[in-house]
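Structural overview for review
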Amino acid sequence: MANNGEQNQTEAGRHQEVGHKSLLQSDALYQYILETSVYPREHEAMKELREVTAKHPWNIMTTSADEGQFLNMLLKLINAKNTMEIGVYTGYSLLATALALPEDGKILAMDVNRENYELGLPVIKKAGVDHKIEFREGPALPVLDELVKDEKNHGSYDFIFVDADKDNYLNYHKRLIELVKVGGVIGYDNTLWNGSVVAPPDAPLRKYVRYYRDFVLELNKALAVDPRIEICMLPVGDGITLCRRIK
């Protein structure tokens with residue numbers, strides 16, 4: 001059986017291989033946050049889903065545990081009831097949302113991959129919150145266009161979380177700003193994009209990071225000057241920008 005030192009080395013090696021969701025320069029400081037604030041308060045179902053997701057080959061796509069904790073508290077603070085999530089993966093952030101909502105709360109959840117969602121679904125069901133979720137498989141834009149067509153959907157969402165295809169973030173924003181209520185919040189994930197938003201043009205970046213970086217930069221510029229929202233960019237996880245609709 002590995003001792004603690006060997007285990008820590010294994011964890012460090014894993015971080016070096018796939019990266020982790022924090023932009024903190026010190027792994028030790030990030031681990032302190034997790035062990036002091038996050039893991040001791042993490043819901044049993046959240047822990048189980050996090051461990052299930054860690055075994056998936058695309059585990060870097062998941063929402064970090066500290067961001068899950070943040071979203072859970074934010075939803076409670078704004079008394080969210082009707083929400084939407086674009087980009088689900090195995091459902092860690094979805095579960096964080098479902099646990100925060102009241103018993104009659106609702107989440108419209110969309111993802112192009114039902115298989116990944118179903119990997120986490122047994123845990124969500126065990127937590128007793130699956131009745132709050134309406135999952136739709138496929139691209140989100142056609143669904144959003146249908147929602148926007150019906151004026152009764154305008155301003156009907158308290159909170160919307162986007163963690164999907166970065167090249168469509170601005171397309172999502174054009175539609176979501178109609179659907180979120182005045183005073184409601186849209187959260188865009190990955191807005192610091194592995195720190196690449198400040199990387200020089202010739203920096204060695206993974207192919208997918210380099211490809212999506214310009215889309216993230218374009219989004220950040222657009223959000224910064226959008227008069228319909230107040231924004232707050234937080235260095236939680238891979239960066240999350242909160243947009244509070246003001247008009």
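Each remark here, short or long, concerns the structure printed above.
Below is a short write-up of the structure. As the structure is a prediction and not an experimental result, all values here were calculated from the model.

Re the nonpolar core
Grouped together as the largest cluster of nonpolar side chains are 34 residues, with contacts concentrated most on Leu94, Leu95, Tyr117, Ile124, Ile133 and Phe159. Ignoring any residue separated from it by four or fewer positions in sequence, one finds leucine 95 in contact with Ala45, Met46, Leu49, Val123, Ile124, Ala127 and Val129. Counting residues in hydrophobic clusters, the runner-up holds 24 residues, among them Met110, Val162, Ile177 and Ile186.

Details of a nonpolar patch on the surface
On the surface, Leu24, Leu29, Tyr32 and Ile33 cluster together into a nonpolar patch covering about 350 Å² of accessible area. By the secondary structure assignment, isoleucine 33 is in helix H2 (residues 27–38). Owing to a relative accessible area of 31%, isoleucine 33 belongs among the partly exposed residues under this scheme.

Regarding the sheet that holds strand S4 (residues 157–162)
A sheet is described by the order of its strands in space; here seven strands give the open sequence S3-S2-S1-S4-S5-S7-S6, paired in mixed fashion. Unpaired on one side and paired on the other, strand S3 (133–137) and strand S6 (229–234) mark the two borders of the sheet. In this sheet, neighbouring strand axes are inclined to one another by 15 degrees on average, regardless of whether the strands run parallel or antiparallel. Here S4 pairs with strand S5 (residues 180–189) via five bridges, running parallel. Within the sheet, the bridge partner assigned to phenylalanine 161 lies in S5 and is glycine 187.

Quick word on the packing of helix H7 (residues 140–149) against helix H8 (residues 169–179)
Relative to each other, H7 and H8 sit at 30 degrees, their axes nearing to 10 Å. Here H7 lies roughly parallel to H8, going by the angle between them. For the element pair H7 and H8, the recorded crossing hand is left-handed. The segment H7 lies against H8, with Ala140, Leu141, Leu144, Asp145, Leu147 and Val148 engaging Asn171, Tyr172, Arg175, Leu176 and Leu179. The residue inventory of the contact of H7 with H8, partitioned by class, reads eight nonpolar, one polar and two charged.

Looking at the packing of aromatic side chains
The relation between two aromatic rings is expressed through the spacing of the ring centres and the mutual angle of the planes. Taken as a whole and assessed by the stated rule, the structure comprises seven aromatic pairs. Centre to centre, the rings of tyrosine 212 and phenylalanine 215 are 6.5 Å apart; their planes meet at 50 degrees, and the pair counts as tilted. With tyrosine 212 and phenylalanine 215 both in helix H9 (residues 207–224) and three residues apart, the pair spans about one turn of that helix. Given the relative accessible area of 23%, tyrosine 212 is considered partly exposed. Relative accessible area serves as the criterion here: at 26%, phenylalanine 215 is assigned to the partly exposed category. Members of the aromatic cluster, joined through ring pairs, are Trp193, Tyr208, Tyr211, Tyr212 and Phe215.

Each value, and the rule that gives it
Residues numbered from 1 in each chain as written. Predicted model: local features only at pLDDT ≥ 70, side-chain atom pairs only at ≥ 80, totals over all residues. Heavy atoms only, no water. Core = buried A, V, L, I, M, F, W, Y, C linked by side-chain atoms within 4.5 Å. Buried < 20%, exposed > 50% of the residue type's maximum accessible area, 1.4 Å probe, protein only. Contact = heavy atoms within 4.5 Å. Patch = residues over 30% accessible without salt bridge, like charges linked within 9 Å, V, L, I, M, F, W, Y side chains within 5 Å. Areas by Shrake-Rupley, 256 points an atom, 1.4 Å probe, with all protein chains shown as cover. Salt bridge = Lys/Arg side-chain N within 4 Å of Asp/Glu carboxyl O. Helix = DSSP H or I, 4+ residues; strand = E, 2+ residues; numbered from the N terminus. Pairing = 2+ DSSP bridges. Axes fitted to C-alpha atoms, helices over the stretch in contact; angles between N-to-C directions. Parallel < 35°, antiparallel > 145°, perpendicular 65-115°, else oblique. Left-handed = near helix turned anticlockwise from the far one by under 90°. Nonpolar A, V, L, I, M, F, W, Y, C, P; charged D, E, K, R; others polar. Phe/Tyr/Trp six-rings, centres within 6.5 Å; stacked < 30°, edge-to-face > 60°.

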